[in-house]
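Observations on chain architecture
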Amino acid sequence: MAGRFADLGQWLDRTLQGKWRALPVRRLLWAGLFFVLLTVLLATAVAPSQVRVQPGQAAPRDLVAPKRVIDRPATERLRQEAARAVPAEYYEDGTVLAGVRRDVEAAFTAVAEVKEASRRRAAEGGQTPRPGEADREELNRALALDLPPDVADAVLAASTDTLAAMRRDLLALLEGELEQGVKEDQLEVTRRRLAEEVRQLEYGRPLEQFLALLGGRVLRPNLLYDREGTEAARRRAMAQVDPVVIVPGEVIVEAGEQVTEEDMVRLRDAGLLRDDPWSLAGAWGGSALLVLLVMAVSGTYLATFDRRVYEEESRFVLFGFVLLIALALARLLQPISGYVMPVATGTMLLAVLLNPRTALMAAMILGAVVGVLTGDALRYALVAWFGGAASVFAVSRLGQRSDFMRAGLVTALANVAAVIAWAALFGGLPLYSLDVWKQAAWGAVSGILAAILTIGLLPFLESFFGVVTPIRLIELANPNQPLLRRLLVEAPGTYHHSLMVANLAEAAVEEVGGNSLLARVGAYYHDVGKIKRPYFFIENQF
């Protein structure tokens, strides 16, 4: 497989004639191919599968939310319930008590005046003072009441002391009720309670009835409804209600279930209705724009900070191919959990095949795309970024392939720490909750799975793209390599000389900050031609 990529490049050379054979043009072609593939991969993940359905019809299948959506009907219901739970607010009218006192005083003054007028008329006529029909009518007119004849007669016949005591007692009862507060909708209840309290004064039935009627007339509400304050309190209560969220993957309407008007609102917000073409167009357009941004950022980075990857076609294609693999794996495992997507596979491969700096940049890109794949979920993006960054540091110094498992454990620990940190800050669940540790377990699985996939994919990418990785160099440095064993058996002097040269070369390259492992392996094999053509070398010629 070592020459397959070179063969692919030669095929492009033959296919593209003249100026189209230039490397920048071929790079644009590769970029266009990656743009199409990445857009399709991303858009198919976020674009909803739409249906045509009407209220009252049965859902043709399980209608699943493709993204995070606010459940507006449920949220509005909770807000209305919160508003109804807020009690009405009232403010006290301090002028009512003084007005009631004035009315009571005026009523008893009117009683006294009617009695005095009746007494004068009786004295002028030389008769004994006795309430008559005219006195009753005058009393009712003065009090604005319709007193029964026996009640009016009892009031007009009462002594001055009795009337004074009645006035004091009625004022005391009214003041007590007003101190407790009288609302408009409680006025009738308060009047009935006042009548019960009057009956306990023991003035006699007619006088008690008079006090009840007079108290009911002068009593009025002193707690008035505060409309603006109540509405403001209810608005505050509604604003404090957290919106109900439909998470990606949640079933909005089950297959065969009747679709309601509220379901229609949810489906429209989720972009699942076929009468909303803008949702589908927005998903594809947004995906294309995001991929363009990703390619612009990564291309600018490579052109500025990693010219070798930008200029060498094989490395340029390898960079895009690894990103595509990582996102394809993430898309494949997305239905299981947003935490299990092994994007660290891409960062590990790039760190080993290219360099750690480029892999760190790729970790940020992959984290952002994971956030989009999971429906605008920042927590998944952060976990993916921390895990990817940890994997880059973990594979920066490899000694053997088993070190990938150590890197997988480091990635798993980073994922678990990020999940727990997010849960502690914003999760809303206690850290001992089973859901938190279930998410952390998926993060750990992601790290281990990333290491396993990296071990499996690395040999194929090494061979196909012709990249010599530190792992491959370590394997070539193994004395049990067949070629080195032949050199030891057939040219032992050359073998030992190569070991000495390797030691010298490694020490020298370490001093200048170069790739000492590459220098050692190169020294091992620099005289391997003596096995087959020893006389080609000057020291073996006579």
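It should be noted that the structure appears before, not after, this text.
Here's a quick rundown of the structure.

Cut-offs and rules
- Residues numbered from 1 in each chain as written.
- Predicted model: local features only at pLDDT ≥ 70, side-chain atom pairs only at ≥ 80, totals over all residues.
- Heavy atoms only, no water.
- Helix = DSSP H or I, 4+ residues; strand = E, 2+ residues; numbered from the N terminus.
- Buried < 20%, exposed > 50% of the residue type's maximum accessible area, 1.4 Å probe, protein only.
- Contact = heavy atoms within 4.5 Å.
- Areas by Shrake-Rupley, 256 points an atom, 1.4 Å probe, with all protein chains shown as cover.
- Phe/Tyr/Trp six-rings, centres within 6.5 Å; stacked < 30°, edge-to-face > 60°.
- Expected span 1.5 Å × (residues − 1).
- 1 Å grid on protein atoms, 1.4 Å probe; cavity = no way out; pocket = protein on both sides within 12 Å on 5 of 7 lines; lining within 4 Å.
- Points joined across faces, edges and corners; volume = space filled by probe spheres on them.
- Nonpolar A, V, L, I, M, F, W, Y, C, P; charged D, E, K, R; others polar.
- Axes fitted to C-alpha atoms, helices over the stretch in contact; angles between N-to-C directions.
- Parallel < 35°, antiparallel > 145°, perpendicular 65-115°, else oblique.
- Left-handed = near helix turned anticlockwise from the far one by under 90°.

This part covers the overall build of the protein chain. Check the secondary structure of the protein chain and you find 23 helices and 6 strands. Sorting the 542 residues of the protein chain into buried and exposed places 42% on the buried side. Residue pairs in contact within the protein chain that sit at least 24 positions apart in sequence constitute 74% of those at least 6 positions apart. Summed over all atoms, the accessible surface of the protein chain reaches about 29,200 Å², with 59% contributed by carbon and sulfur.

This model, assessed by the stated rule, comprises 9 aromatic pairs. Note on Phe108 and Phe210: the rings are 6.1 Å apart at their centroids and 85° apart in plane angle, and the pair reads as edge-to-face. Of the two residues, Phe108 sits in helix 4 (residues 95-124) while Phe210 sits in helix 9 (residues 205-218), which places them 102 residues apart along the sequence. By relative accessible area, which is 7% here, Phe108 ends up buried. Residues Phe464 and Phe465 carry aromatic rings whose centres are separated by 5.2 Å and whose planes lie at 75° to one another, so their mutual orientation is edge-to-face. You can call Phe464 partly exposed: its relative accessible area is 25%. Overall, the relative accessible area of 7% leaves Phe465 in the buried class.

Two residues of an α-helix separated by three or four positions point the same way, owing to the 3.6 residues in each turn. Taking 1.5 Å as the rise per residue, helix 17 (residues 378-394) with 17 residues should run 24 Å; its terminal C-alpha atoms sit 24 Å apart, in good agreement. Of the residues making up helix 17, those classed as buried are Tyr380, Ala381, Val383, Ala384, Gly387, Gly388, Ala389, Ala390, Ser391, Val392 and Ala394.

Glancing now at the layout of surface pockets. What the second largest pocket holds in volume is close to 650 Å³. Of all the elements in the fold, those that place two or more residues in the lining of the second largest pocket are helix 15 (344-353), helix 20 (470-476) and helix 23 (516-525). Element by element, the count of residues in the lining of the second largest pocket is highest for helix 15, at 3 residues. In terms of residue class, the lining of the second largest pocket is built from 13 nonpolar, 4 polar and 3 charged.

With that settled, consider the environment of Ala508. With respect to the element layout, Ala508 can be found in helix 22 (residues 492-512). The class for Ala508 is partly exposed, based on a relative accessible area of 45%. C-alpha separation for the pair Ala508 and Ala519, spaced 11 residues apart in sequence, amounts to 9.1 Å.

Glancing now at the packing of helix 8 (residues 187-199) against helix 9. It is at 9 Å that the axes of helix 8 and helix 9 come closest, and there the two elements cross at 150°. Considered as vectors, helix 8 and helix 9 are oriented roughly antiparallel to each other. As helix 8 packs across helix 9, the resulting crossing turns out to be right-handed. In this structure, helix 8 contributes Arg191, Leu194, Ala195, Val198 and Arg199 to the contact, and helix 9 contributes Arg205, Glu208, Leu211, Ala212, Gly215 and Gly216. Among the residues making up the contact of helix 8 with helix 9, the classes are represented as 5 nonpolar, 2 polar and 4 charged.

It is worth stressing that arrangement in space is one thing and function is another; only the former is reported here.
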